[in-house]
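A look at the structure
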Amino acid sequence: MIEKDRVVVNNLDEYNITSIDEFTGYISYIASLFIDVMCYSNRGEKAKKSYQKYYHKTTDKELKSKYNPDFKDYVNKNCI
């Protein structure tokens, strides 16, 4: 699971990755780099003191059905 923080300070995006093993962690890392470059890159911008807060809400029922709110707890209990 890749989560992007809603608050971006000085054009520096932060991601949190939760994975069931080391291999899927590496794959998630590569996917988050790709997502950042394609969707959130700020090429050519220089920021000294910037603060942005993003809100995104989906109404896509198929996407929402794939989200498991207990995934992090499962990984913390069984995979670490």
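Given the structure is predicted, the values throughout are model-derived calculations rather than measurements.

**Overview of the overall build of the chain**
- Counting its regular elements, the chain contains 3 helices and 4 strands.
- Traced from its N-terminal end to its C-terminal end, the chain shows the element sequence β-β-β-α-β-α-α.
- In terms of overall size, the chain is more extended than a compact globule, its C-alpha atoms giving a radius of gyration of 15 Å where 80 residues would be expected to give roughly 12 Å.
- Along the first, second and third principal axes, the C-alpha set of the chain runs to 40 × 30 × 20 Å.
- For the chain, the proportion of its 80 residues judged to be buried stands at 10%.
- Within the structure as shown, the chain displays about 7200 Å² of accessible surface, and the carbon and sulfur contribution to it stands at 55%.

**Quick look at the environment of Leu 12**
- Topologically, Leu 12 is positioned in the loop between β2 (7-9) and β3 (15-17).
- Accessibility expressed as a relative area gives 58% for Leu 12, which makes it exposed.
- It is 9.7 Å that separates the C-alpha atoms of Leu 12 and Tyr 51, two residues lying 39 residues apart in sequence.

Scoring rules and cut-offs
Residues numbered from 1 in each chain as written. Predicted model: local features only at pLDDT ≥ 70, side-chain atom pairs only at ≥ 80, totals over all residues. Heavy atoms only, no water. Helix = DSSP H or I, 4+ residues; strand = E, 2+ residues; numbered from the N terminus. Rg over C-alpha atoms; globule rule 2.2 N^0.38 Å. Buried < 20%, exposed > 50% of the residue type's maximum accessible area, 1.4 Å probe, protein only. Areas by Shrake-Rupley, 256 points an atom, 1.4 Å probe, with all protein chains shown as cover.

Honestly, that's just the spatial picture; any functional story needs more than this.
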